[in-house]
Amino acid sequence: MATIRDVAKLAGVSTTTVSHVLNQTRFVSETARLAVEQAVKQLNYVPNVVARSLKGGSSRVLGMLVTDSNNPFYADLIQWVDKVAYSHGYNLILCNTQGNVERACDYIEMLTQRRVDGVLVMSADARQVPLSAFAKLPMVMMDAGPSAVGFDRILDDSELGGYLATKYLLDRGHRQIGILTGPLAKYNSQHRLAGYHRALAEAGVTANDKAWVHSGNFSYEGGFEAMQSLLAQTHGSNEAVTAVFANNDLMAMGAARVAADYGLRIPQDLSLMGYDDIPGAQYFNPPLTTIAQPMQALAEQAIAMLLARMAKPDCDGQRLLLPPSLVERDSVRQL
Ligand code: RIB
């Protein structure tokens, strides 16, 4: 395997010049640069990034901690992050914690040893990892992760999303609106519920939490079970809902299945909204009206935040909320 010395010899320059060309760390004459590039090509030279990072330079690698999930929301977001990282000249190491705190700890240790330049954390399991474990890594939290102050964090504005969804239903004449929340210990679940309450209050509708608020776990099954509990309690009664706001698209799909079991057609008998705008939402029958998370912007801002943190490790932690938007399809009826 060719070394930096071989490249320097063939190009007729010093190894320092080769290093400056490869790392773009100093001006090098056009002739020398071309000679180095040609030698690199001819010798198939691959710089040793590990050695480079050991010398205190950049490894040009970022880590990303994710939780195993069958939610396409995560796959979509990861694709965007990878794309944006690549466009900045970084490779991404994906670490799947598989819902396991020990694994999360091991991965953080591994990423530290590999001298990655920074880490994005999108894993609820990382909540339980002692914060000291992250100490040496510039880090940004996305969607889920330790909620301690002082860390950079980027999220969609879930309160606004909850508000937009509920207001949309109210504007279409619905007054009895059920909500299927995610786990109420999670920030995004609490905020989507708060947005729902804000919209109801603004419209002068008294929230009937006992009958209308049911929690699941952001999965198909969670939506199925929460909807079973909602309909078992309200169907055929004075408290029956005409619309349901499921706090993510997977839950909306699980809920639709229960509606069908009750003989309720969407949207003729029951209107339904989701959250996320996963790729499957537009192919659902009927196409699902939902709240879209700003995936590309979340990925771009997360990488920008991480690069800023890498450049200035000691600056104050920031919290960035990005606004979601409404995607109107066919699952809501005007009353
Ligand atoms: O983590 C589950 C949910 O939280 C996703 O569906 C998405 O809405 C995210 O914010």
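This structure is a prediction, so every number in the text was calculated from the model and none was measured.

Analysis parameters
- Residues numbered from 1 in each chain as written.
- Predicted model: local features only at pLDDT ≥ 70, side-chain atom pairs only at ≥ 80, totals over all residues.
- Heavy atoms only, no water.
- Near = heavy atom within 4 Å.
- Polar contact = N/O pair within 3.5 Å; in protein donor to acceptor, adjacent residues only side chain to side chain.
- Areas by Shrake-Rupley, 256 points an atom, 1.4 Å probe, with all protein chains shown as cover.
- Nonpolar A, V, L, I, M, F, W, Y, C, P; charged D, E, K, R; others polar.
- Domains from an automatic or database assignment.
- Axes fitted to C-alpha atoms, helices over the stretch in contact; angles between N-to-C directions.
- Helix = DSSP H or I, 4+ residues; strand = E, 2+ residues; numbered from the N terminus.
- Parallel < 35°, antiparallel > 145°, perpendicular 65-115°, else oblique.
- Left-handed = near helix turned anticlockwise from the far one by under 90°.
- Contact = heavy atoms within 4.5 Å.
- Pairing = 2+ DSSP bridges.

1. Thoughts on the site of the ligand
Part 1 of the reasoning: Surrounding the ligand, one finds Asn71, Phe73, Tyr74, Asp143, Lys186, Asn188, Arg192, Phe218, Asn248, Asp276 and Gln293.
Part 2 of the reasoning: A distance of 2.8 Å is found between an oxygen atom of the ligand and a side-chain nitrogen or oxygen belonging to asparagine 188.
Part 3 of the reasoning: Within the side chain of aspartate 276, a nitrogen or oxygen atom sits 2.5 Å from an oxygen atom of the ligand.
Part 4 of the reasoning: In isolation the ligand exposes 270 Å². Once the protein is present, 98% of that is buried.
Part 5 of the reasoning: The residue makeup of the shell around the ligand, split by class, is three nonpolar, four polar and four charged.
Part 6 of the reasoning: Of the domains in this structure, domain 2 (61-157 + 295-324) and domain 3 (158-293) are the two that each give at least three residues to the shell around the ligand.

2. Thoughts on the packing of helix H1 (residues 4-11) against helix H3 (residues 30-43)
Part 1 of the reasoning: Across the interface, H1 lies against H3 with an axial gap of 8 Å and an inter-helix angle of 125 degrees. The angle between H1 and H3 falls in the class oblique. Relative to H3, the crossing made by H1 is right-handed. Each of Asp6, Val7, Leu10 and Ala11 in H1 lies in contact with H3, whose residues at this interface are Ala35, Val36, Ala39, Val40, Gln42 and Leu43.
Part 2 of the reasoning: Looking at the contact of H1 with H3, its residues break down into eight nonpolar, one polar and one charged.

3. Here's the deal with the sheet that holds strand S3 (residues 118-122)
Part 1 of the reasoning: Spatially, S2-S1-S3-S4-S5-S11 is the arrangement adopted by the six strands of the open sheet, whose pairing is parallel. Two strands lie at the open edges of the sheet, namely strand S2 (91-96) and strand S11 (319-322), each paired on one side alone. When the angles between neighbouring strand axes are averaged without regard to direction, this sheet yields 20 degrees.
Part 2 of the reasoning: Where strand S1 (residues 61-66) meets S3, five bridges bridge the pair, whose relative direction is parallel. Its bridge partner being in S3, valine 66 is matched across the sheet by methionine 122.
Part 3 of the reasoning: Its contacts with the sheet put helix H6 (residues 101-113) on S1, S2 and S3, and the angle it makes with S2 is roughly 155 degrees.

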